[in-house]
Amino acid sequence: MPQALLAHEPVIRLGAFASVLIVMALWEALAPRRPQAIGRARRWPGNFGVVVIGTVLVRLVFPVTAVGTALLAESRGFGLLHAIRAPAWAAILAAVIALDLAIYLQHVLFHAVPVLWRFHRMHHADLEFDVTTGVRFHPIEMLLSMGIKLAVTAVLGAPPAAVPLFEVLLNVTSMFNHGNVRIPAWLERRLRWFVVTPEMHRVHHSIRREETDSNFGFNLPWWDRLFGTYRGAPQAGHAGMRIGLPIFRAREELRLDRLLTQPFRNDAAAPAPAQLPSEEGDRGH
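Residues numbered from 1 in each chain as written. Predicted model: local features only at pLDDT ≥ 70, side-chain atom pairs only at ≥ 80, totals over all residues. Heavy atoms only, no water.

Trainee: Just checking my understanding: could you explain the overall build of the protein chain for this structure?
Mentor: Broken down by element type, the protein chain carries 14 helices and 0 strands. Across its three principal axes, the protein chain shows a C-alpha extent of roughly 55 × 45 × 35 Å. Counting the 285 residues in the protein chain, one finds 53% classified as buried. Sequence-distant contacts in the protein chain: of pairs separated by 6 or more residues, those separated by 24 or more amount to 75%. Just so you have it, the protein chain exposes about 13100 Å², and 69% of that area is on carbon and sulfur atoms. Distance between charge centroids for the protein chain: 1 Å, based on 29 positive and 22 negative side chains. (Helix = DSSP H or I, 4+ residues; strand = E, 2+ residues; numbered from the N terminus. Buried < 20%, exposed > 50% of the residue type's maximum accessible area, 1.4 Å probe, protein only. Contact = heavy atoms within 4.5 Å. Areas by Shrake-Rupley, 256 points an atom, 1.4 Å probe, with all protein chains shown as cover. Lys, Arg positive; Asp, Glu negative; His and termini not counted. Charge placed at Lys NZ, Arg CZ, Asp CG, Glu CD.)

Trainee: Can you walk me through the side chain of Ser 214 in this structure?
Mentor: Within the element layout of this structure, Ser 214 appears in the loop between helix 11 (209-212) and helix 12 (222-227). Judged by relative accessible area, Ser 214 falls into the buried class, the value being 2%. The residues touching Ser 214, leaving out its near neighbours within four places in the chain, are Val 203, His 204, Asp 224, Thr 229 and Arg 231.

Trainee: I tried to follow a nonpolar patch on the surface on my own but got confused; where do I start?
Mentor: A cluster of nonpolar residues, Val 52, Val 56, Leu 60 and Val 61, forms a patch on the protein surface that exposes about 380 Å² of accessible area. Residue placement: Val 61 occurs in helix 2 (residues 40-61). (Patch = residues over 30% accessible without salt bridge, like charges linked within 9 Å, V, L, I, M, F, W, Y side chains within 5 Å. Salt bridge = Lys/Arg side-chain N within 4 Å of Asp/Glu carboxyl O.)

Trainee: Please explain helix 7 (residues 139-156) as it appears in this structure.
Mentor: Each α-helix turn comprises 3.6 residues. Residues three or four places apart therefore point the same way. For helix 7, which comprises 18 residues, the first-to-last C-alpha distance of 26 Å matches the rise-based estimate of 26 Å (1.5 Å per residue) to within 8%. Listing the buried residues of helix 7 in full gives Pro 139, Glu 141, Met 142, Leu 143, Ser 145, Met 146, Lys 149, Leu 150, Thr 153, Ala 154 and Leu 156. In the stretch just after helix 7, Gly 157 is the one whose phi turns positive, near 70°. (Expected span 1.5 Å × (residues − 1).)

Trainee: Where do I start with the environment of Leu 169 in this structure?
Mentor: Looking at the secondary structure, you find Leu 169 in helix 8 (residues 162-177). Along the backbone, Leu 169 and Val 96 are 73 residues apart, and their C-alpha atoms lie at a distance of 9.3 Å.

In structure tokens form, the structure reads like this:
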């Protein structure tokens, strides 16, 4: 099993990524939640470009994957779950839940610490909200995230089977909850008790600061409710809310080169926070 995990992990992740991307893109085309003023041809090349660069960079910088870290911890009996000798099924379940909590806390941290926010805000600067927003993360943020994931995996002593399971779930749910898709209201109200839905996560991409700093969950929705960061709906409604940040709103900012340099500059053309309308907040700078 360990050898199979190492050998097939990239294929499993790529297969899940491609399958969900195709399904979500078709769903968005057939049943969009919001009309989009900016077409896919302008946004998608940059969004896919950053994830390709980030993936290659992570592979070059880190000689071991999260699965490799889990295998190493298992071989040496290192980590909390190995110390308490939990049954295999319980250890896998506990590891998936703990890793999801770590991602939630990391997300809160990237909003709270200014230098980390500079890298994470590229994700929020997308002018529309769709499946590709779910993979649009700055390569340096991806490096930092991988370092955190390796550390958490080692400290937990996460079972090797739990790591690819969690990574596939996270990848799938991230694309799902960023989808510009319409879900019947009765079904969505029930789903959001078990998984972060697009209706729930779209609030997090509002231009209003108090809404940007809410609904941090990517996979499980419970952490936001538990830690008081849950917000049921945007103040302006899902049809009327503005997506993005007060800065980086020019369409040129959707180019790959502009995306990569966003953490190192501010949009000089944007009005100062005090000059922005009150509903837009001041989180851009």
